[in-house]
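# Remarks on the overall topology
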Amino acid sequence: MPSDPGKSVSDYREIAARYDHATRWINDVRLEAVAALRLRKGETVLDVGCGSGFSFAPILEAVGPAGKLIAFDHSPELLRIAEGRIADGGWMNVALLESTAEAVRPNARPSAMLFSYVHDVLQSEAALDNLFAHTAPGARVAICGTKLWPWWGAPVNVYLYATHRNYITNRRENFGRPWAKIEKRLRNFKVKVKWPPGWRYLATGTVR
Ligand SMILES: C[S@@+](CC[C@H](N)C(=O)[O-])C[C@H]1O[C@@H](n2cnc3c(N)ncnc32)[C@H](O)[C@@H]1O
């Protein structure tokens, strides 16, 4: 089944209020993904499917006030939480857009792109076509998320299918190798599966 944006918006409407608490156990890999972008002061960063804006603070810390963060998501409820974060941080250099990845029009060319726990976006060629059309060759990309275990981890995978049902609409495609589509668009692609527990990965590369 392909990614289903309509279901995703409605699933996140249900879980938005508890999203930050429910996802606290992935904070470390999300922070590692931002660090892997090796951001410099003054850079422009695109946070793909930014959700409630967990990654905003470390990105903005790295790019400084002269940098710029463009962040988008298609969930209005998560974006309201992201807006609260921006207000609390007093950040003036964030452009927050309500859009799908397939249609978003970033208002500047990013030199770095973050894909943090956005499996549905990673499985949408239309989304990747659009995002890469707005990004210059050489831009750095970091990707993190959940992956299934190999066949011998089948019992864990049953658990992963169940626990991700409200977060990923397309668990049938590439859940064991979530980077399969974006990998082809990147140079110097590297992926690290994080053991334990082995269902998290961090990948990096640069836009061809
Ligand atoms: C698991 S959340 C991750 C949010 C955030 N990146 C993080 O690390 O906490 C997945 C996010 O992808 C968004 N999303 C899924 N498909 C999308 C699409 N086609 N266009 C825009 N956002 C999408 C969802 O609304 C949700 O906010």
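Residues numbered from 1 in each chain as written. Predicted model: local features only at pLDDT ≥ 70, side-chain atom pairs only at ≥ 80, totals over all residues. Heavy atoms only, no water.

### A closer look at the sheet that holds strand E2 (residues 68-73)
As a general point, the strands of a sheet are linked pairwise by backbone hydrogen bonds and lie either parallel or antiparallel. Taken in spatial order, the 7 strands make up an open sheet running E3-E2-E1-E4-E5-E7-E6, and their pairing is mixed. Strand pairing shows two members of the sheet lacking a second neighbour, strand E3 (94-98) and strand E6 (186-194), which therefore form its edges. Each strand of the sheet is rotated relative to its neighbour by a mean of 15°, with strand direction disregarded. Pairing of E2 with E3, which is carried by 5 bridges, proceeds in the parallel orientation. Residue pairing for E3: Ala71 is matched across the bridge by Leu96. The sheet contacts of helix H5 (residues 76-89) involve E2 and E3, and relative to E3 the element is tilted by about 165°. (Pairing = 2+ DSSP bridges. Helix = DSSP H or I, 4+ residues; strand = E, 2+ residues; numbered from the N terminus. Axes fitted to C-alpha atoms, helices over the stretch in contact; angles between N-to-C directions. Contact = heavy atoms within 4.5 Å.)

### Some thoughts on H5
With 14 residues, H5 should cover 20 Å at 1.5 Å per step; its first-to-last C-alpha distance of 20 Å lies within 8% of that length. Buried residues belonging to H5 abut helix H1 (5-15), helix H2 (19-22), helix H4 (56-63), E2 and E3. A positive phi of about 65° marks Gly90, the residue just after H5. (Expected span 1.5 Å × (residues − 1).)

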